[in-house]
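Structural overview
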Amino acid sequence: MAGRSEMQGREPVNEQMVANMYTSMRTELNQIYSKITELEMEVSEHSLVINAIQPLDPTRRCYRMIGGVLVERNIKEVLPAVQRNKEGIEEVVARLNEALEKKKKEIADFEAKYKIRMRKADSDMKDEEGSKKEGGSQGVLVGPAGSAD
């Protein structure tokens, strides 16, 4: 990350530096995407837990993992904590989405400034042509229904 801040402050000298900066920016974009996906999965898991324990008796015993240790609590103690965690994760996702938009704009500006265009690899183009010829079914094998042979 220290190399990135050094690159940000000065203009690239040659094509190789432009390519390296562009690759670095694309890598950061992909990291943001993956972090958003990971946190959205956590929000989904929190929602499942909340929906599962909400209708239960508040004095009922439940277990919660805290820092790698399984702790016994009751639902009235756990439910508010899980809801707070979910809200916190949703806030982080919102901030990451803002950072994602900024990074997309930064990459678009960089592409426009240095006239960068993405081209497809030859193998990708051949794969697309091959799939058009083969038809729409890909990787699905269907056997006869209900046969006990």
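Rules used in this analysis
- Residues numbered from 1 in each chain as written.
- Predicted model: local features only at pLDDT ≥ 70, side-chain atom pairs only at ≥ 80, totals over all residues.
- Heavy atoms only, no water.
- Helix = DSSP H or I, 4+ residues; strand = E, 2+ residues; numbered from the N terminus.
- Contact = heavy atoms within 4.5 Å.
- Salt bridge = Lys/Arg side-chain N within 4 Å of Asp/Glu carboxyl O.
- Buried < 20%, exposed > 50% of the residue type's maximum accessible area, 1.4 Å probe, protein only.
- Polar contact = N/O pair within 3.5 Å; in protein donor to acceptor, adjacent residues only side chain to side chain.
- Core = buried A, V, L, I, M, F, W, Y, C linked by side-chain atoms within 4.5 Å.
- Phe/Tyr/Trp six-rings, centres within 6.5 Å; stacked < 30°, edge-to-face > 60°.
- UniProt positions renumbered as here; feature names shortened; annotations may be inferred.
- Pairing = 2+ DSSP bridges.

Let's shift gears to the side chain of His46. Mapped onto the elements, His46 comes out in helix H2 (residues 15-53). When sequence neighbours within four positions are dropped, the list of residues in contact with His46 reads Val82, Asn85, Lys86 and Ile89.

This paragraph deals with the pattern of salt bridges. Overall, the coordinates contain six salt bridges when judged by the stated rule. Residue Glu72 pairs with Arg61 through a salt bridge whose shortest N-O separation is 3.7 Å. Of the two residues, Glu72 is situated in strand E2 (residues 69-74) and Arg61 in strand E1 (residues 61-66); the sequence distance between them amounts to eleven residues. When its relative accessible area of 54% is taken as the criterion, Arg61 is described as exposed.

A few words now on the environment of Tyr22. With respect to the element layout, Tyr22 can be found in helix H2. In this structure Tyr22 comes out as buried when scored by relative accessible area, which is 8%. Along the primary structure Tyr22 and Tyr114 are separated by 92 residues, whereas in three dimensions their C-alpha atoms are 9.8 Å apart. Beyond its immediate chain neighbours, meaning those up to four positions away, Tyr22 contacts Ile107, Phe110, Glu111, Ile116 and Met118. Among the polar contacts listed, one links the side chain of Tyr22 to the side chain of Glu111, at a separation of 2.4 Å.

Now for the nonpolar core. In terms of nonpolar packing, the biggest core is built from 15 residues, with Ile36, Leu39, Ile89, Val93, Leu100, Ile107 and Phe110 touching the most fellow members. Those elements that place two or more of their residues in this core are H2 and helix H3 (75-114). When residues of this core are assigned to their parent elements, the largest contribution, nine residues, is made by H2. Core analysis: the second largest hydrophobic core is formed by seven residues, Ile53, Cys62, Ile75 and Leu79 among them.

Geometry of an aromatic ring pair is reported as the spacing of the ring centres plus the angle between the planes. Considering all chains together, one arrives at two aromatic pairs under this definition. Ring centres 4.8 Å apart and planes at 50° place the aromatic pair Phe110 and Tyr114 in the tilted group. With Phe110 and Tyr114 both in helix H3 and four residues apart, the pair spans about one turn of that helix. With relative accessibility at 9%, the residue Phe110 sits in the buried group. The exposure class assigned to Tyr114 is partly exposed, which follows from its relative accessible area of 25%. Taken together, the ring pairs in this structure connect Tyr22, Phe110 and Tyr114 into an aromatic cluster.

Right, let's talk about the UniProt feature "coiled-coil region" (unreviewed entry) in the protein chain for a bit. Residues annotated by UniProt as "coiled-coil region" (unreviewed entry) correspond here to residues 86-113. The annotated region residues 86-113 carries 100% helix and 0% strand content, and the separation between its end C-alpha atoms amounts to 40 Å.

Let us look at the pairing of E1. Bridging between E1 and E2 involves six bridges; their strand directions are antiparallel. Considered in E2, the bridge of Cys62 is made with Arg73. Hairpin remark: E1 followed by E2, antiparallel, with two residues in the connecting loop; positive phi at Gly67, about 60°.

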